[in-house]
Amino acid sequence: MKYVLSLFAVLLVSCGGPIYESDTSLDQLPLIPRPQSVISELGGFGYGSNLEVITDNQELADLQAFIPVESSLENSSGPLVLSLGLKHPSPEAYRLSINRREIRIQGASPAGVFRGIQTLRQILAASNSAPQQPIKVLPLGVIEDWPSVSYRGTMLDVARHFFTVDEVKRYIDQMAQYKINTLHLHLSDDQGWRIEIKAYPRLTGIGAATEVGGGSGGFYTQEDFLELQAYAAQRFIQIIPEIDMPGHTNAAIVAYPELNGNGKTVSPYTGTAVGFSTFDARNEAVYTFVNQVVKELSSLSTSPYFHLGGDESHVTSKEDYLYFVERVGQIIRTHQKTPIGWDEVAQTDLGPGSVAQFWASEKNALAAVDKKMKVLMSPAKKAYLDMQYDSLSPYGLHWAGYISVQDAYNWDPLSYVPGLDADQILGIEAPLWSETISDSSGLEYLAFPRLICVAELGWTPQSLRSWEDFNRRLTEVSYPGNKSSK
Ligand code: ACM
């Protein structure tokens, strides 16, 4: 009898409420990155400005902050239900279903629910095309989605020009929309040192006061770093700190001249040349310094990785370079982190499981896998966000070539280097060097929409990618920066 009553109640409710029909279909919406599977169903889910969120999990309840409509059932076909328990090898997997009575996002972990919420935001934005309509109608169906590559990142060079905490947060918000999960911060270079190290106060007292072009520089206190890390973690993004060495170290050497290994007098540098500075690989004071820096940063950082740079050390002898990088690799491991370096580090024995970030040399990328290292794919010719789009771009460089939006999309990170297998690739990262940009508007000009291309290259398998389809979706959405000027 109870069963019959409750069945009757459901019928009453569904007969009583309005029935919505959507004039779009879920698989036609401009979702980026393109999901793994979208199945459309007929009908519609209606809502006003409200969507009641239901969950029995506190961590998921906190994700309501990322849903751009108020929480209430008024004017709505039904609730948005957030839950865990999806069985999938990727913690970022989610299943998003919309039927006439509810929207449901189930994740393999809270990260999966968060990624699903980004998809829902895109669905809501696509359904907002008629703002005068009090009721919005979403198409029905089921999205099953997960990333094809687990590490999908971008790097921001805060050394050539400093970017404030708020500017970095703004970039983190933009990354999150496209399901990017790693922000690599390039925290030191010839032109500036950007992170407080308590045992070496002149690093920020002196080393942070410069930047390219003669601006006043800046740095993050350790509290700032923790604030950025927490902000990123709320969006299921890890921050990987990089201290570039033994080259790219002029700012540190200006602060502590005993670290110098190039035999010349040093002075602050605000130009854009590379390859002239080096730590002294045979001076124990250098390792005391490096150990302290790695120790302080590793105690702050929740990422399993520490990036030691290692690129363009043109005035370090080969022998000193090998000795230095291997020793720094051991220091990093002592502090329970896994070393990453630019692809030159594949010439050293950094140890199995460490990571070579391929930017220039395929030979180095192949050497890395021979040494049981993983490769992070950042080929400058495709993935460097600081390359100009074309000769008219007001920002950017072109030493690796011009990279149009189509060029940024039309390559496959998992087969780009012949001889490298997909299981040897840790992921994909798009670096943004900052010689020519100093604020969010320059950053957004260079990063968008090319970072969106990289986001899809990391998330959507090659079999589902096509430039024509991507370009159609891109033209139907708005994204950061001024797309019409590119
Ligand atoms: C690099 O572009 N020097 C890694």
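The following paragraphs examine the structure supplied in this document. Keep in mind it's a predicted model, so treat the numbers as computed, not measured.

Looking now at the pattern of salt bridges. Using the criterion set out here, one finds 20 salt bridges in the structure. In this structure, Arg 160 engages Asp 157 in a salt bridge whose closest nitrogen and oxygen atoms are separated by 3.0 Å. Take Arg 160 and Asp 157: they sit in the same class, and that class is buried. A salt bridge links Arg 472 to Glu 476; its shortest N-O distance comes to 3.3 Å. Taking relative accessible area as the criterion, Arg 472 reaches 29% and is therefore assigned partly exposed. Residues joined by salt bridges that share partners form a network here, namely Arg 34, Glu 456, Asp 469, Arg 472, Arg 473 and Glu 476.

To continue, consider the packing of helix H14 (residues 450–459) against helix H15 (residues 467–475). Contact geometry of H14 with H15 gives a least axis separation of 12 Å together with a crossing angle of 130°. One element, H14, and the other, H15, form an angle in the oblique class. Considering only the axes of H14 and H15, their crossing is right-handed. Each of Ile 452, Cys 453 and Glu 456 in H14 lies in contact with H15, whose residues at this interface are Phe 470, Arg 473 and Leu 474. For the contact of H14 with H15, the residue count by class is four nonpolar, no polar and two charged.

You can see Glu 242 is positioned in strand E11 (residues 238–245). Although Glu 242 lies buried, it forms no salt bridge, and the closest oppositely charged side chain, Arg 160, sits 8.6 Å away as judged by the N-O distance. Side chain to side chain, Glu 242 and His 184 meet in a polar contact 2.7 Å long. Ignoring sequence-local partners within four residues, the contact set of Glu 242 consists of Met 155, His 184, Leu 185, His 186, Leu 187, Ser 188, His 307, Gly 309 and Trp 342.

Sheet architecture is closed into a barrel: eight strands sit in the order E7-E8-E11-E12-E13-E14-E15-E16, paired in parallel fashion. Taking the axes of each pair of neighbouring strands and ignoring which way they run, one obtains an average angle of 30° across the sheet.

Next up on the list: the sheet that holds strand E1 (residues 37–47). Spatially, the six strands line up as an open sheet ordered E1-E6-E4-E5-E3-E2, and their pairing is mixed. Pairing within the sheet leaves two strands with one partner each, and these edge strands are E1 and strand E2 (53–54). Pairing of E1 with strand E6 (residues 136–145) involves nine bridges; the strand directions are antiparallel. If you follow Val 38 over to E6, its bridge partner there is Ile 143. Contacting E1, strand E3 (80–83), strand E4 (94–98), strand E5 (103–107) and E6, helix H3 (residues 110–126) crosses the sheet at an angle of about 35° to E4.

Scoring rules and cut-offs
Residues numbered from 1 in each chain as written. Predicted model: local features only at pLDDT ≥ 70, side-chain atom pairs only at ≥ 80, totals over all residues. Heavy atoms only, no water. Salt bridge = Lys/Arg side-chain N within 4 Å of Asp/Glu carboxyl O. Buried < 20%, exposed > 50% of the residue type's maximum accessible area, 1.4 Å probe, protein only. Axes fitted to C-alpha atoms, helices over the stretch in contact; angles between N-to-C directions. Helix = DSSP H or I, 4+ residues; strand = E, 2+ residues; numbered from the N terminus. Parallel < 35°, antiparallel > 145°, perpendicular 65-115°, else oblique. Left-handed = near helix turned anticlockwise from the far one by under 90°. Contact = heavy atoms within 4.5 Å. Nonpolar A, V, L, I, M, F, W, Y, C, P; charged D, E, K, R; others polar. Lys, Arg positive; Asp, Glu negative; His and termini not counted. Polar contact = N/O pair within 3.5 Å; in protein donor to acceptor, adjacent residues only side chain to side chain. Pairing = 2+ DSSP bridges.

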